[in-house]
Amino acid sequence: MFCFQCQEAAKGTGCTVKGVCGKTSDVANLQDLLVYTLKGISLYNLEARKLGLDTTDTDRFIMESLFTTITNANFDRSAFIARVKNALELRNEVKESVKKSGGNVNFDHDAANWFADSEEAFDEKAKVVGVLSTENEDVRSLRELIIYGIKGMAAYAEHASNLKYESKDIFAFIDKALVSTLDDSLSADELVALTLETGKYGVDVMALLDKANTETYGNPEITKVNIGVRNNPAILISGHDLRDMERLLEQTEGTGVDVYTHSEMLPANYYPAFKKYSHFVGNYGNAWWKQDKEFETFNGPILFTTNCIVPPRNEALRNRIFTTGASGYPGCTHISADENGNKDFSPVIEMAKKCPAPTEIEKGEIVGGFAHNTVLSLADTVVEAVKSGAIKRFFVMAGCDGRMKSRDYYTEFAQQLPKDTVILTAGCAKYKYNKLDLGDIGGIPRVLDAGQCNDSYSLAVIALKLKEVFELNDINELPISYNIAWYEQKAVIVLLALLHLGVKNIHLGPTLPAFLSPNVANVLVNTFGIGGITNVEDDLKMFLA
Ligand code: FSO
Ligand code: SF4
């Protein structure tokens, strides 16, 4: 195996024996094989599009498959074997329908033609189609940057799709991006251009998901979220999928089972549609990487709707973990949708009834719900605070949390920021400082949480609005600094989206991606002023200079 798609890549270069995330070598390879096979499907799918054929099933398959390969989403070998099999069947079906309609099916690339039907053959093939099969390190770096971008894009597209919001343009771009990574004739400049185009679709997909979420569940509201517990048996729901959240609340209503969010599901508490459920108690625990301990004390079953799964350390815990959607873990019960798209969470609910209530690990409340609608409704107050000098600067500290000790930097950074600054956050990065008492500025909390990582889109909308209000020509003239923490591929699409919006001088930590070759890193530094982080003191000086 060779995998370097996340921030934890071993030795800062890549995992080669087993993933730091816990992914086994065979699963890592099968994920590569799946992506390779998707590239083959996309060759035909682009033709099908030209012919005006219905590509819905293929589009969704590609989207879901890409999502399963995101860090910490799916560790289940059998899920990947099944997907590769499906992919090969689907590829042949699309090929047949293109052929029938008189389209071009003459692709001599191996990705368009290879075939096998045994697990052994999949494992063998998987060893030779991975990241390292591209020899030139700059081409490899750009290809993977694009692939990781569309993995993140696919994740957001799937959440939107689950709410019946889809975009043909986004699906077509995913095809185009996949196919481009097979094309040896593309120059580095062309691949750079495609990387930036990926960012454009990153903005589009986040806008689509924002529309899906807010039109379905209302605009997030300023909310005090309870972090303590009640005395009923309960289910903990993790991941990002709001449709699953809704289903679980509906199905648990009146059963005597409470529901708590975990990690990236916390922002579900901010949506009006979910507030009507009196058995929706609040949020339990912290960011994904602390789940090992927190799932123990939660006592009840846990439902993963997406990543981030940490391999459960024993069987007892594994038995309490359920997965659905793109997520999966061997030995955990997976709940799939039926042919009508419904999901039956009753096994989770039945288990909850037999479990003790959660053990309290914290008390109190945290505040969030500062997505674009809320912040823009407070625009006058915010603008006044900036004009009067009460707020000197905003710090966008969105992104991910992770288990590396070096991420304590973000807690310290938040603590040491001058009192006249405000943190704008989204994603699980917030857990590094959302329980500190950082106070407020004239009633505006110093940590404004917009929501999940995809709600970084809200932060961009807010920035664009402020640019307009202050009549600036360039988004970079705003008193906003970007100190972003990344972990997996959704953060990659968020980053590319910000670059597309023209944001410069983003600092990315705790380390720069292993998949950036020195030359590609230079392009990002020279064109966009991307930088890493050093230490809190020096970085604060730099940001505040
Ligand atoms: Fe975090 Fe995991 Fe949301 Fe990621 S829970 S790390 S960028 O999946 O997607 O922020
Ligand atoms: Fe390593 Fe990250 Fe890949 Fe897991 S996802 S194998 S930790 S680089």
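Analysis parameters
- Residues numbered from 1 in each chain as written.
- Chains lettered and ligands numbered in written order.
- Predicted model: local features only at pLDDT ≥ 70, side-chain atom pairs only at ≥ 80, totals over all residues.
- Heavy atoms only, no water.
- Near = heavy atom within 4 Å.
- Nonpolar A, V, L, I, M, F, W, Y, C, P; charged D, E, K, R; others polar.
- Pairing = 2+ DSSP bridges.
- Helix = DSSP H or I, 4+ residues; strand = E, 2+ residues; numbered from the N terminus.
- Axes fitted to C-alpha atoms, helices over the stretch in contact; angles between N-to-C directions.
- Contact = heavy atoms within 4.5 Å.
- Polar contact = N/O pair within 3.5 Å; in protein donor to acceptor, adjacent residues only side chain to side chain.
- Parallel < 35°, antiparallel > 145°, perpendicular 65-115°, else oblique.
- Buried < 20%, exposed > 50% of the residue type's maximum accessible area, 1.4 Å probe, protein only.
- Right-handed = clockwise from strand over helix to strand, strands pointing away.
- Phe/Tyr/Trp six-rings, centres within 6.5 Å; stacked < 30°, edge-to-face > 60°.
- Patch = residues over 30% accessible without salt bridge, like charges linked within 9 Å, V, L, I, M, F, W, Y side chains within 5 Å.
- Areas by Shrake-Rupley, 256 points an atom, 1.4 Å probe, with all protein chains shown as cover.
- Salt bridge = Lys/Arg side-chain N within 4 Å of Asp/Glu carboxyl O.
- Lys, Arg positive; Asp, Glu negative; His and termini not counted.
- Charge placed at Lys NZ, Arg CZ, Asp CG, Glu CD.

Student: Quick one: what's the story with the site of ligand 2, residue by residue and with numbers?
Tutor: All residues in the neighbourhood of ligand 2 are listed as Met-1, Cys-3, Phe-4, Gln-5, Cys-6, Ala-9, Cys-15, Gly-19, Val-20, Cys-21, Lys-23 and Thr-71. Residues belonging to the shell around ligand 2 are distributed by class as follows: 8 nonpolar, 3 polar and 1 charged.

Student: I'd love a proper account of the sheet that holds strand E5 (residues 302–304), names of residues and values included.
Tutor: Across the sheet, 6 strands lie side by side as E4-E3-E2-E5-E6-E7; this open sheet has parallel pairing. The strands lining the two open edges of the sheet, one partner per strand, are strand E4 (280–283) and strand E7 (333–335). With direction set aside, neighbouring strand axes in the sheet form an average angle of 25°. In this sheet, E4 lies alongside strand E3 (residues 258–261) in parallel orientation, the contact comprising 3 bridges. Each bridged residue has a counterpart across the sheet, and for Thr-261 the counterpart in E4 is Asn-283. In the packing of helix H13 (residues 346–353) onto the sheet, the strands contacted are strand E2 (234–238), strand E6 (321–324) and E7, and the crossing angle to E2 comes to about 135°.

Student: Provide a residue-level description of the site of ligand 1, including the pertinent values.
Tutor: Of all residues adjacent to ligand 1, which total 14 residues, the nearest are His-240, Glu-264, Cys-308, Cys-428 and Glu-488. Here an oxygen atom of ligand 1 sits 3.0 Å away from a polar atom, N or O, in the side chain of Glu-264. When grouped by side-chain class, the residues that make up the shell around ligand 1 number 7 nonpolar, 4 polar and 3 charged.

Student: Just give me the short version of the sheet that holds strand E10 (residues 421–425), but keep the residues and values in it.
Tutor: Spatial strand order, E13-E10-E9-E14-E15: 5 strands in an open sheet with parallel pairing. If you trace the sheet from one side to the other, it starts and ends with strand E13 (447–449) and strand E15 (507–509), each paired once. Looking at each pair of strands side by side, their axes are set apart by 20° on average, direction ignored. For E10 and E13, the ladder comprises 3 bridges, and the chain directions are parallel. Paired with Leu-424 across the strands is Leu-448, a residue of E13.

Student: Residue-level account of the packing of helix H8 (residues 188–217) against helix H18 (residues 489–500), with values.
Tutor: Where H8 meets H18, the axes come as close as 7 Å, and the angle between the chain directions of the two elements is 100°. Considering the angle they form, H8 stands roughly perpendicular to H18. Of the residues in H18, those in contact with Thr-195, Leu-196, Thr-198, Gly-199, Lys-200, Gly-202, Val-203 and Met-206 of H8 are Ile-493, Val-494, Leu-496, Ala-497 and His-500. Along the lines of polarity and charge, the residues of the contact of H8 with H18 split into 7 nonpolar, 5 polar and 1 charged.

Student: Account for the environment of Glu-124, naming residues and giving values.
Tutor: As for its placement among the helices and strands, Glu-124 is situated in helix H5 (residues 119–126). A relative accessible area of 49% means that Glu-124 is categorised as partly exposed. With 95 residues separating them along the chain, Glu-124 and Asn-29 place their C-alpha atoms 9.2 Å apart. A polar side-chain atom of Glu-124 sits 3.0 Å from a polar atom in the side chain of Lys-127.

Student: Explain unusual backbone geometry to me, using residue names and the numbers behind them.
Tutor: Of note, the bond from Asn-307 into Cys-308 is cis; its omega dihedral lies within 30 degrees of zero at 15°. For Cys-308, the location among the structural elements is in the loop between E5 and helix H12 (315–320). In this chain, Gly-509 is followed by Pro-510 through a cis amide linkage whose omega measures 0°. By secondary structure assignment, the location of Pro-510 is in the loop between E15 and helix H19 (518–528). Phi at Lys-164 is positive, roughly 70°, even though this residue is not glycine. Secondary-structure assignment places Lys-164 in the loop between helix H6 (137–162) and helix H7 (168–180). Taking the relative accessible area as the measure of exposure, Lys-164 reaches 76% and is therefore exposed.

Student: Please give an account of the pairing of strand E9 (residues 393–396) that cites residues and values.
Tutor: Strand direction decides the pairing type here: E9 and E10, joined by 4 bridges, are parallel. In the sheet register, Phe-394 faces E10, and the bridge partner there is Val-422. What joins E9 to E10 is helix H16 (residues 408–416), and the crossover it makes is right-handed. Relative to strand E14 (residues 480–485), E9 runs parallel, the two sharing 3 bridges.

Student: Any details on the packing of aromatic side chains? Residues and values, ideally.
Tutor: If you walk through the whole model with that rule in mind, you get 22 aromatic pairs. Their ring planes at 80° and their centres at 5.6 Å tell us that Tyr-260 and Phe-298 sit as a pair that is edge-to-face. Here Tyr-260 is found in strand E3, whereas its partner Phe-298 is found in helix H11 (residues 291–298), with 38 residues between them in sequence. Judged by its relative accessible area of 0%, Tyr-260 is buried. Clustering of aromatic rings is evident, with ring pairs tying together Phe-2, Phe-4, Tyr-148, Trp-486 and Phe-515.

Student: Lay out a negative patch on the surface in plain terms, naming residues and giving numbers.
Tutor: A cluster of acidic residues, Asp-54, Asp-57, Glu-89 and Glu-93, forms a negative patch at the surface. Its location among the elements puts Glu-93 in helix H3 (residues 77–100).

Student: An account of the pairing of E10 is needed here, citing residue identities and associated values.
Tutor: Counting buried positions over the 5 residues of E10 gives 5, a clear majority of the element. The side-chain alternation of E10 yields two buried faces, one formed by Thr-421, Ile-423 and Thr-425 and the other by Val-422 and Leu-424.

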